[in-house]
Amino acid sequence: MDCTHRPLKTDFVLNQPRYKGAQVLLARDNFGCGSSREHAPWAIEDYGFRAIIAPSFADIFFGNCYKNGVLPIVLPAATVDKLFAECAAAEGYRLNVDLEAQRVTTPSGESFAFDITPHRKHCLLNGLDEIALTLQHADDIRAFELRHKAAQPWLWAAN
Amino acid sequence: MAGKTLYDKLWESHVVREESDGTCLLYIDRHLMHEVTSPQAFEGLRLSGRKVWRKNSIVANPDHNTPTDHWDEGITDPISRLQVETLDANIHDFGALVYFPFKHANQGIIHVIGPENGTTLPGMTVVCGDSHTSTHGAFGALAHGIGTSEVEHVLATQTLVTKRSKRMLVKVEGQLGAGVTAKDVALAIIGRIGTAGGTGYAIEFGGSTIRALSIEGRMTLCNMAIEAGARAGLVAPDAKTFEYLDGRPFAPRGADWERAVACWKTLQSDADAAFDAVVELDAASIEPQVTWGTSPEQVLPIGGRVPNPASEVDAQKRAGIERALQYMGLAADTPIGEIRLDKVFIGSCTNSRIEDLRAAAEIARGKHKAASVKLVLVVPGSGMVKRQAEAEGLDKVFIDAGFEWREPGCSMCLAMNADRLAPGRALRLDLEPQLRGPPGRGRPHPPGQPGNGRRGRHRRPLRRHPQSTLTGAHDETLHPTRRPGLPARPRQRRHRRHHPQAVSQVDQAFRLRPLPVRRMALQRYRRARHGLHPSSAQD
């Protein structure tokens, strides 16, 4: 489906000129709720967003973001409120997201730390393919399969 | 030392390796697949020249895009058809334990056909690129939805990279009132804890009410664990579970069966197991539930009234109620029982099994739909359910009542096929609600309400159909010639521009990979799609 010929909805916030080229999406509670579809992070990534900041995320969506190179950042609700207010007040508002240092910094220099697992950080920073990483442990998987098959052989029965 | 929960036992028996930060490689026994979330995953495998690790773990079937009537005309929508044909081609190329193509006698909703064929067993890890995979937790299997990247990861490695969830026990005690079903229990739980209440948890459902539910009722309950925000729902297997599974095509047999049952009996939370959260509900307090809005947490007992935003103090919730009222075309304070219905849909992976259809038929028997109700759609969950319903004469009951009796599939639940709702139509959905949006003004509603006297009634119908032609995916009889289009793509290394310095034009510190590999696979897929159906390239 090619939607490039559809007229833009001018009343939609992301179509306002001031947000053109935005790379950080500010969002509210339980963002990404309701689906395991990766089309959700694909759409966000397609727009050009590289990071999403919200007080909380839906579980599956949160994982899917990492797998598609989008960084979901959890900050306290009060902090997110503050960012919303600052962003609304100043056109051209820019946040600096430093994944290496795990910090979000506002134009005034105020800075907020966020959590991320070392593994996810490593993969994002290096653009690593999770499958290739896992296949480094192929022998472990084969060894597990042998044990598992001995314990529950019916799981291997093919009708 | 405290005992272990059922979740702990399932988890620990599938850990291949654990990193120091708790990230685990979890082994996957069963991989369910449908046509919507698998094409990009197979495409990724092709692009990287990878193989499927264990094809006999795969159970696949198109369901989201298949039409529910006029099967003789095939799939007329080109985008739907492409997705279904792509699954045909992928299973043909990569293999599977079970594949029911479109129009196969046993085809149906993946979460219905898995259990009814005995491909979901206690103690398994089960995944599917579909949030309602939690359904299979009804058997004491650790089952959850995954994204397309994870589908590809499981295909290539038979494992998931994941972390242990917290454990929640939802305990329901006592006897359910007349007309109160598993769906009402699920909605009452969501009404209590909210759609995010289960986030980060695997929920085990326990207590006398849950033990008294049939296996199909437990599937309905676990199915909706995702609507409570949890990735997985669980019910410990018991004698009912074993009786349900005994004799199903892919259930163990003979000595294997005895050994399996002995193993499955250990799949219970220990008496002294510690949960991170416990929620208790009294079954007698649960009334039939109706969701009036656009989220399953906007749920009220049948005797309630549509809420008034003016009485909500939380500004965010108030705005949510206002939006939902506007979307649904409802006035505040309207009694739930007075909401006019335009269409009724009975089906979906929550409520399309034989017990659901029996309950619905019991209400419809000898009656006729009101003239103001434009359509009542009954969509059985699978070919097996459909045949059983017809053998019991339920189809006649529905047709006599002015309902439409359709072919199996997901149908209006997500409206990827032709079963859609025009704007402004109120729909009673006897199913689980998709959160917000399609197919229209959904008003999920318990099945068999009022007066479902059928609960617990057990028949032994859906077993070993002689015509069951379960087969490996390489059986050509199941796989008509591969369609033209989707040409075999050249094998090539997956291209990856990942160098951190190449990324940041705006913020040097913000270094993420510029074009994730998924996108490239997706773009190739889209190109292939456009090439195949030029007419659909323009919206």
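Residues numbered from 1 in each chain as written. Chains lettered and ligands numbered in written order. Predicted model: local features only at pLDDT ≥ 70, side-chain atom pairs only at ≥ 80, totals over all residues. Heavy atoms only, no water.

What to know about unusual backbone geometry
Phase 1: In the Ramachandran plot, asparagine 30 of chain A falls in the positive-phi region, its phi being about 55 degrees despite a non-glycine side chain.
Phase 2: Following the sequence through the fold, asparagine 30 of chain A ends up in the loop between β1 (24-26) and α1 (39-47). (Helix = DSSP H or I, 4+ residues; strand = E, 2+ residues; numbered from the N terminus.)

Some words on the pattern of salt bridges
Residues and elements named next belong to chain B.
Phase 1: Inspection of the entire model under this criterion finds 28 salt bridges over all chains.
Phase 2: Of the charged contacts in the structure, one is a salt bridge between lysine 396 and aspartate 395, with a shortest N-O distance of 3.8 Å.
Phase 3: By relative accessible area, aspartate 395 is classed as buried at 10%.
Phase 4: Here the salt bridges do not stand alone but share partners, grouping Lys4, Asp8, Glu12, Arg164, Arg167 and Asp276 into one network. (Salt bridge = Lys/Arg side-chain N within 4 Å of Asp/Glu carboxyl O. Buried < 20%, exposed > 50% of the residue type's maximum accessible area, 1.4 Å probe, protein only.)

Re the sheet that holds strand β3 (residues 71-74) of chain A
Residues and elements named next belong to chain A.
Phase 1: With respect to topology, 3 strands assemble into an open sheet ordered β1-β2-β3, the strand pairing being parallel. Two strands in the sheet have a free side with no partner beyond their single neighbour: β1 and β3. In this sheet, neighbouring strand axes are inclined to one another by 20 degrees on average, regardless of whether the strands run parallel or antiparallel.
Phase 2: In this sheet, strand β2 (residues 51-54) lies alongside β1 in parallel orientation, the contact comprising 3 bridges. From the neighbouring strand, valine 24 faces β2, where its bridge partner is alanine 51.
Phase 3: In the packing of helix α2 (residues 59-67) onto the sheet, contacts are made with β2 and β3, and the angle to β3 comes to roughly 135 degrees. (Pairing = 2+ DSSP bridges. Axes fitted to C-alpha atoms, helices over the stretch in contact; angles between N-to-C directions. Contact = heavy atoms within 4.5 Å.)

Some points on helix α4 (residues 118-126) of chain A
Residues and elements named next belong to chain A.
Phase 1: Along α4, the residues classified as buried are Lys121, Cys123, Leu124 and Leu125.
Phase 2: Residues of α4 that are buried in the fold lie against α2, β3 and α5 (130-135).
Phase 3: Directly beyond the C-terminal end of α4, a positive phi value near 60 degrees is found at glycine 127.

Side note on the pairing of strand β6 (residues 125-128) of chain B
Residues and elements named next belong to chain B.
Phase 1: Burial of the side chains of β6 extends over both faces: Thr125 and Val127 are buried on one face and Val126 and Cys128 on the other.
Phase 2: In this structure, β6 lies alongside strand β7 (residues 142-145), joined through 4 bridges in parallel fashion. By the bridge assignment, valine 127 is partnered in β7 with histidine 144.

Structural notes on the packing of aromatic side chains
Phase 1: If you walk through the whole model with that rule in mind, you get 17 aromatic pairs over all chains.
Phase 2: Seen in terms of ring centroids, tryptophan 156 of chain A and tyrosine 27 of chain B are 6.3 Å apart; in terms of plane orientation they differ by 20 degrees. Their pairing is stacked. Taken together, the residues tryptophan 156 of chain A in the segment after α6 (138-151) and tyrosine 27 of chain B in strand β2 (residues 24-27) connect one chain to another.
Phase 3: Geometrically, the ring pair formed by phenylalanine 398 of chain B and tryptophan 405 of chain B is stacked, given 5.8 Å between the ring centres and 20 degrees between the ring planes.
Phase 4: For tryptophan 405 of chain B, a relative accessible area of 15% corresponds to the buried category.
Phase 5: Among the aromatic residues, ring-to-ring pairing joins Phe31, Phe57, Phe61, Phe62 and Tyr66 of chain A into one connected group.
Phase 6: The ring of tryptophan 156 of chain A carries the charged tip of arginine 54 of chain B above its face, separated from the ring centre by 4.0 Å.
Phase 7: Over the ring of tyrosine 244 of chain B we find arginine 248 of chain B; its NZ or CZ atom is 3.8 Å from the centre of that ring. (Phe/Tyr/Trp six-rings, centres within 6.5 Å; stacked < 30°, edge-to-face > 60°. Lys NZ or Arg CZ within 6 Å of the ring centre and 35° of its normal.)

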